[in-house]
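These are the residues of each chain, in order.
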Amino acid sequence: MNAQIIAIANQKGGVGKTTTCANLGIGLARAGKKVLLVDGDPQGSLTISLGNPQPDKLPVTLSDMMGKVLTDQPIAPHEGILHHAEGVDLMPADIQLSGMEVSLVNAMSRETVLKQYLDTVKRDYTHILIDCQPSLGMLTVNALAAANRVLIPVQAEYLPAKGLEQLLQTISKVRRQINPKLQIDGILLTMVDSRTNFAKEVSALLRETYGGKIKVFGTDIPHSVRAKETSAEGKSIFAHDPGGKVAEGYENLTKEVLKIEKQREKCKAGFGR
Ligand code: ADP
Ligand code: MG
């Protein structure tokens, strides 16, 4: 199995990265995929939102695994990986990960420590999703170096001009210098309020600005308090509000994500030219 590794990145906080990671991940599991979610944020929001309210109390987290890579210690099969009732696995994170980010600065092969960890587990999964921290620091660079795909959630509430430019520059730099396989899946509009035209304006602007270069997903994620509630419940939107708009949004996003990989496979095999 060659796992698809998808980094969910945007250095702006509060744009829906963590929510997308959890719900796309569980969406993929519902579609029969074997999914590992990796919490790449020292805040541990993904870990918390999947039912572990106190990440600090967990015996093993991502910083321990990255520490083992750095010190050449063996990693046992499934070491530290948690299971969620809705069918995904989770490598959790806690605040220790911010210390790890500091250690990385002076480490050898500092950009590929996360990749080296994922190399030890990826044969067990079809999809690995990495929830990035809200910065373009070493942890995000590690996620981009480990991934073959990146998905960029953007909150449809303001014009995301400058921040996006920086992220795209970082992505191209990682692609040039470390990971030529990295491809941008697209920009995902999140928290879309259907009562206003703002989302339409933002998505038109994004399409105009990035044109043929970057896809804007056909699926938008609607704004809903039901989505906000999921984190405290430790459940996905599929379990919390199965008939709702946000569940429908994440289900459609899941289909789009699967379609992208199918198309790329076809291209690789030489069809569709
Ligand atoms: P990030 O990881 O980019 O910081 P989060 O996924 O944590 O963003 O989302 C930021 C906040 O917005 C959280 O409180 C989350 O519950 C809320 N949120 C996420 N998606 C939605 C949505 N579709 N509708 C309403 N609130 C949302
Ligand atoms: Mg987050």
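**Concerning the overall build of the protein**
- Of regular secondary structure, the protein possesses 11 helices and 7 strands.
- The C-alpha radius of gyration computed for the protein amounts to 18 Å, which stays within 12% of the reference 19 Å derived for 273 residues, consistent with globular compactness.
- Taken across its 273 residues, the protein has 52% of its residues classed as buried.
- The long-range fraction of contacts in the protein, counting pairs at least 24 apart against all pairs at least 6 apart in sequence, stands at 79%.
- Distance between charge centroids for the protein: 7 Å, based on 33 positive and 29 negative side chains.

**Some thoughts on the packing of helix H1 (residues 17–30) against helix H11 (residues 245–268)**
- The N-to-C vectors of H1 and H11 enclose an angle of 70 degrees; their axes lie 9 Å apart at closest approach. Viewed along their axes, H1 and H11 adopt a mutual orientation that is roughly perpendicular. Residues Thr 19, Thr 20, Asn 23, Leu 24, Gly 27 and Leu 28 of H1 form the contact with H11, whose participating residues are Tyr 250, Leu 253, Thr 254, Val 257 and Leu 258.

**Looking at helix H8 (residues 198–210)**
- Its 13 residues place the ends of H8 18 Å apart at the C-alpha level, agreeing with the 18 Å of an ideal helix rising 1.5 Å per residue.
- Among all positions in H8, only Ala 199, Val 202, Ser 203, Leu 206 and Tyr 210 are buried. Buried residues of H8, seen end-on, are gathered within an arc of 95 degrees and therefore sit on one face of the element. Opposite the buried face of H8, by more than 90 degrees, sit the exposed residues Lys 200 and Glu 208.
- Phi turns positive one or two residues past the end of H8, at Gly 211, with a value near 40 degrees.

**Here's the deal with the nonpolar core**
- Of all hydrophobic cores here, the largest spans 52 residues; its most connected members are Leu 114, Tyr 117, Leu 118 and Ile 152.
- For this core, the element with the most residues is helix H6 (residues 138–146), which contributes 6 residues.
- Excluding anything up to four places from it in sequence, Leu 114 contacts Val 38, Leu 62, Met 66, Ile 130, Asn 142, Ala 143 and Ala 146.
- Among the nonpolar cores identified, the runner-up in size contains 28 residues, and Ala 29, Leu 90, Ile 221 and Ala 227 belong to it.

**A few points about the sheet that holds strand S6 (residues 149–155)**
- Judged by pairing direction, the sheet is mixed, and its 7 strands sit side by side in the order S3-S4-S2-S5-S1-S6-S7 without closing on themselves. The open sheet has two free edges, formed respectively by strand S3 (82–83) and strand S7 (183–190), since each of these has just one partner strand.
- Strand direction decides the pairing type here: strand S1 (residues 4–8) and S6, joined by 3 bridges, are parallel. Directly across from Ile 6, in S6, lies its bridge partner Arg 149.

**Here's the deal with the pairing of S7**
- Along S7, 7 of the 8 residues are buried, which leaves the element largely enclosed by surrounding structure.
- Strand direction decides the pairing type here: S6 and S7, joined by 7 bridges, are parallel. When the sheet's bridge partners are listed, Gln 155 is paired in S7 with Thr 190.

**Comments concerning the pattern of salt bridges**
- Summed over the entire model, instances satisfying the criterion amount to 12 salt bridges.
- A salt bridge links Arg 149 to Glu 261; its shortest N-O distance comes to 2.6 Å. Taken as a pair, Arg 149 in strand S6 and Glu 261 in helix H11 lie far apart in primary sequence, 112 residues in all. For the pair shown, Arg 149 and Glu 261 are each scored as buried.
- In this structure, Arg 226 engages Asp 241 in a salt bridge whose closest nitrogen and oxygen atoms are separated by 3.7 Å. Of this pair, Arg 226 sits in helix H9 (residues 225–233) while Asp 241 is found in the loop between helix H10 (237–240) and H11, placing the two residues 15 residues apart along the sequence.

**Digging into the site of ligand 1**
- Looking at ligand 1, there are 14 residues lining it, with Gly 14, Lys 17, Thr 18, Thr 19 and Pro 222 nearest.
- Val 15 places a main-chain nitrogen or oxygen 3.0 Å from an oxygen atom of ligand 1.
- Contact between ligand 1 and Pro 222: a nitrogen atom at 2.8 Å from a main-chain N or O atom of the residue.
- Broken down by secondary-structure element, the contributors of at least two residues to the shell around ligand 1 are H1 and H9.

**A closer look at the pairing of strand S2 (residues 35–40)**
- The element S2 is extensively covered by neighbouring structure, given that 6 of its 6 residues are classed as buried.
- Of the two faces of S2, both are covered, the one formed by Val 35, Leu 37 and Asp 39 as well as the one formed by Leu 36, Val 38 and Gly 40.
- Direction of pairing for S2 relative to strand S5 (residues 127–132): parallel, over a ladder of 6 bridges. Among the inter-strand pairings, Val 38 is bridged to a residue of S5, identified as Ile 130.
- Taken together, the 3 bridges between S2 and strand S4 (residues 89–91) define a ladder with parallel strand orientation. Counterpart to Leu 36 in the pairing with S4 is Asp 89.

What counts and what doesn't
- Residues numbered from 1 in each chain as written.
- Chains lettered and ligands numbered in written order.
- Predicted model: local features only at pLDDT ≥ 70, side-chain atom pairs only at ≥ 80, totals over all residues.
- Heavy atoms only, no water.
- Helix = DSSP H or I, 4+ residues; strand = E, 2+ residues; numbered from the N terminus.
- Rg over C-alpha atoms; globule rule 2.2 N^0.38 Å.
- Buried < 20%, exposed > 50% of the residue type's maximum accessible area, 1.4 Å probe, protein only.
- Contact = heavy atoms within 4.5 Å.
- Lys, Arg positive; Asp, Glu negative; His and termini not counted.
- Charge placed at Lys NZ, Arg CZ, Asp CG, Glu CD.
- Axes fitted to C-alpha atoms, helices over the stretch in contact; angles between N-to-C directions.
- Parallel < 35°, antiparallel > 145°, perpendicular 65-115°, else oblique.
- Expected span 1.5 Å × (residues − 1).
- Arc of directions from axis to C-beta.
- Core = buried A, V, L, I, M, F, W, Y, C linked by side-chain atoms within 4.5 Å.
- Pairing = 2+ DSSP bridges.
- Salt bridge = Lys/Arg side-chain N within 4 Å of Asp/Glu carboxyl O.
- Near = heavy atom within 4 Å.
- Polar contact = N/O pair within 3.5 Å; in protein donor to acceptor, adjacent residues only side chain to side chain.

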